[in-house]
Amino acid sequence: MGIDSERDIEANLQIGPTDRGMVRIFVESGSTEIPMDFEPEEAEEIAEEILAAARAARAAATPKKGR
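It should be emphasised that the depicted structure is a prediction, and the values quoted were computed from it without experimental measurement.

(A) Structural context of the sheet that holds strand β3 (residues 32-38). Spatial strand order, β1-β2-β3: three strands in an open sheet with antiparallel pairing. In this open sheet, the two edge strands, each paired with only one partner strand, are β1 (12-17) and β3. With direction set aside, neighbouring strand axes in the sheet form an average angle of 15°. Examined bridge by bridge, strand β2 (residues 23-29) and β3 share seven bridges and lie antiparallel to one another. The partner of E28 across the bridge, within β3, is E33. Helix-sheet contacts for helix α1 (residues 40-61) involve β2 and β3, and the interaxial angle to β3 is about 110°.

Written out as C-alpha cells, the structure reads:
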C-alpha cells in the first residue's frame, strides 16, 4: 500500500479552526474518526504541500506537445 495505490474507500474530510487556536483536519470513514490538530504554522506548511502536489498532478495530467 502506498500513496499511488488506489482504494475504493469513501471518507469525509473537514478542515477548520478550533476554539483553542489550532487548525483541525478531521477525517471520518465509517465508524472511524481521526481528528488531527495543527499549529497555524504547521497548517500553512500542509497547505503549501497540498498546493505543490496539485501543481505536480496537473502537470503530469497535461498532454505534452509533440507526443
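After that view of the structure, there is still more to cover.
(B) Geometry of the environment of T32. Locating T32 in the fold gives a position in strand β3. Residue classification places T32 among the partly exposed positions, given a relative accessible area of 43%. In the structure, T32 is positioned 21 residues away from A11 in sequence and 9.5 Å away in space, judged by C-alpha atoms.

(C) Representation of the pattern of salt bridges within the structure. Applying the stated criterion to the full structure yields one salt bridge. Across the pair D37 and R24 runs a salt bridge, and its minimum N-O distance is 2.6 Å. Of the two residues, D37 sits in strand β3 while R24 sits in strand β2, which places them 13 residues apart along the sequence.

(D) Expanded view of the pairing of β1. Burial analysis of β1 places just zero of its six residues in the buried class, which makes it a mostly uncovered element. Counting the residues that bridge the hairpin from β1 to β2 gives five residues, and of these G21 lies at a positive phi of roughly 80°.

(E) Summary view of a negative patch on the surface. Among the surface-exposed residues, E39, E41, E42, E44, E45, E48 and E49 lie close enough to one another that they form a single negatively charged patch. One can find E42 in helix α1. Among the residues examined, E42 registers a relative accessible area of 38% and is labelled partly exposed.

(F) Structural context of the environment of E10. Tracing the backbone shows E10 in the segment before β1. Residue E10 is classed as exposed on the basis of its relative accessible area, which comes to 72%. The spacing of E10 and K65 is 55 residues in sequence and 36 Å in space, taken between C-alpha atoms.

Rules used throughout
Residues numbered from 1 in each chain as written. Predicted model: local features only at pLDDT ≥ 70, side-chain atom pairs only at ≥ 80, totals over all residues. Heavy atoms only, no water. Pairing = 2+ DSSP bridges. Helix = DSSP H or I, 4+ residues; strand = E, 2+ residues; numbered from the N terminus. Axes fitted to C-alpha atoms, helices over the stretch in contact; angles between N-to-C directions. Contact = heavy atoms within 4.5 Å. Buried < 20%, exposed > 50% of the residue type's maximum accessible area, 1.4 Å probe, protein only. Salt bridge = Lys/Arg side-chain N within 4 Å of Asp/Glu carboxyl O. Patch = residues over 30% accessible without salt bridge, like charges linked within 9 Å, V, L, I, M, F, W, Y side chains within 5 Å. Areas by Shrake-Rupley, 256 points an atom, 1.4 Å probe, with all protein chains shown as cover. Lys, Arg positive; Asp, Glu negative; His and termini not counted. Charge placed at Lys NZ, Arg CZ, Asp CG, Glu CD.

Remember that the coordinates give geometry; whether it matters functionally is a separate question.
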